[in-house]
Amino acid sequence: MFAVLKTGGKQYKVQAGDLLRVELLAAEAGDKVQFNEILMVGGDKPQFGTPLVEGAAVQAEVIDNIKADKVITYHKRRRKHSSQRTRGHRQQLTLLRVTDVLATGGDKSGVKEAVGTAIARRAAHGGKGEAAPAKPAKAAAASKAAPKADAAVAEADDLKVITGLGPAAEKKLNEAGITTYAQLASVDPETFEATKVKPDWVEQAKELAK
C-alpha cells in the first residue's frame, strides 16, 4: 500500500520502508513523526482525498537532519553598475524512513505530527503576536464604514443619462459632491466652480428628480 503525502509545499509518493528527504522538520534523530496531510491512499481500494483523506496518515522515523547539495548563484550587471555577486546555499532537510501507511485511525494514533520549523516557531511564540488589538479595531471600523459607503453608492444617480453630460463631467461632479439629480437640479451654473455646468443639464435634472 502506498500514499501520497504533502509536506513543505511538495507532494511525495511513499510506502513502508522508503527513505524520504523533506523540508526541515521540527524533530530530532530518533523521533517518530506522522504526516496527516494525505492526498491519496493506494492499494486494493484506493482512496482519494477531497482534498485530504480523512483518518489517513503516514508514520516515519527521523534518521537525521541534513543539508542538500550546495547551489551556487551568480549575478552580474554589466552596464552602469559593473557589479557582481556570488552566493551559495544549502537547503536544510530532514531524512526519514517511512515505517507505516495508515488508511484509517491516523487521527487516534497519538504520534507527534510532522511540522516544519517555521510552523513550530509560530506555534511556540503565537502568544506574543496576539496582544495587538489595533488591527481588529481598524477592521471593525472599516466594516462599520462599508455599509455607509455602499448606501451612498446605491443612492447615487446615473448623471450620464442627461444629454451632453459625459463620464468626465460626471466624475468631476461626483468629486464635488454632486451624485444625484436633485443635487444637480439645485446647482447654479453661473456660480458653480468645480466644473462647467450647462443650464440645460440643470433643467433636465429637475425633470428627472421629480
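Residues numbered from 1 in each chain as written. Predicted model: local features only at pLDDT ≥ 70, side-chain atom pairs only at ≥ 80, totals over all residues. Heavy atoms only, no water.

Novice: What exactly am I supposed to notice about the sheet that holds strand 4 (residues 32-35) here?
Specialist: Across a sheet, strands are paired by hydrogen bonds formed along the backbone, either parallel or antiparallel in direction. Reading across from one edge, 3-10-7-4-11 is the order of the five strands in this open sheet, with mixed pairing throughout. Where the open sheet ends on each side, the last strands, each with one partner, are strand 3 (19-23) and strand 11 (112-113). Relative to strand 11, strand 4 is paired through two bridges, and the arrangement is parallel. Each bridged residue has a counterpart across the sheet, and for Gln34 the counterpart in strand 11 is Glu113. (Pairing = 2+ DSSP bridges. Helix = DSSP H or I, 4+ residues; strand = E, 2+ residues; numbered from the N terminus.)

Novice: Would you mind showing me how to read the nonpolar core here?
Specialist: Soluble globular proteins tend to bury their nonpolar side chains together. Formed by 22 residues in total, the largest nonpolar core has its most connected members in Leu5, Phe35, Val58 and Leu96. Filtering out sequence-adjacent residues up to four positions away, Leu96 remains in contact with Asp18, Leu19, Leu20, Val22, Leu25, Val33, Phe35, Ala60, Glu61, Val62 and Ile63. Listed in part, the 14 residues of the second largest apolar core include Leu159, Leu184, Val197 and Trp201. (Core = buried A, V, L, I, M, F, W, Y, C linked by side-chain atoms within 4.5 Å. Buried < 20%, exposed > 50% of the residue type's maximum accessible area, 1.4 Å probe, protein only. Contact = heavy atoms within 4.5 Å.)

Novice: Just checking my understanding: could you explain the environment of Leu95 for this structure?
Specialist: Inspection of the secondary structure assignment puts Leu95 in strand 10 (residues 92-102). Taking the C-alpha atoms as reference points, Leu95 and Glu61, separated by 34 residues in sequence, lie 8.7 Å from one another. Not counting residues up to four positions away in its chain, the partners in contact with Leu95 are Leu20, Arg21, Glu61, Val62, Ile63, Asp64 and Ile66.

Novice: Which parts of the structure should I look at to understand the pattern of salt bridges?
Specialist: Any two side chains of opposite charge can pair if their charged atoms end up close together. Going through the model one piece at a time under the given rule, you end up with five salt bridges. Between Asp31 and Lys112 there is a salt bridge whose closest N-O contact spans 3.5 Å. Note that Asp31 is positioned in the loop between strand 3 and strand 4 and Lys112 in strand 11, a separation of 81 residues in sequence. Take Lys112: its relative accessible area is 40%, and that puts it in the partly exposed class. Between Lys160 and Asp158 there is a salt bridge whose closest N-O contact spans 3.2 Å. (Salt bridge = Lys/Arg side-chain N within 4 Å of Asp/Glu carboxyl O.)

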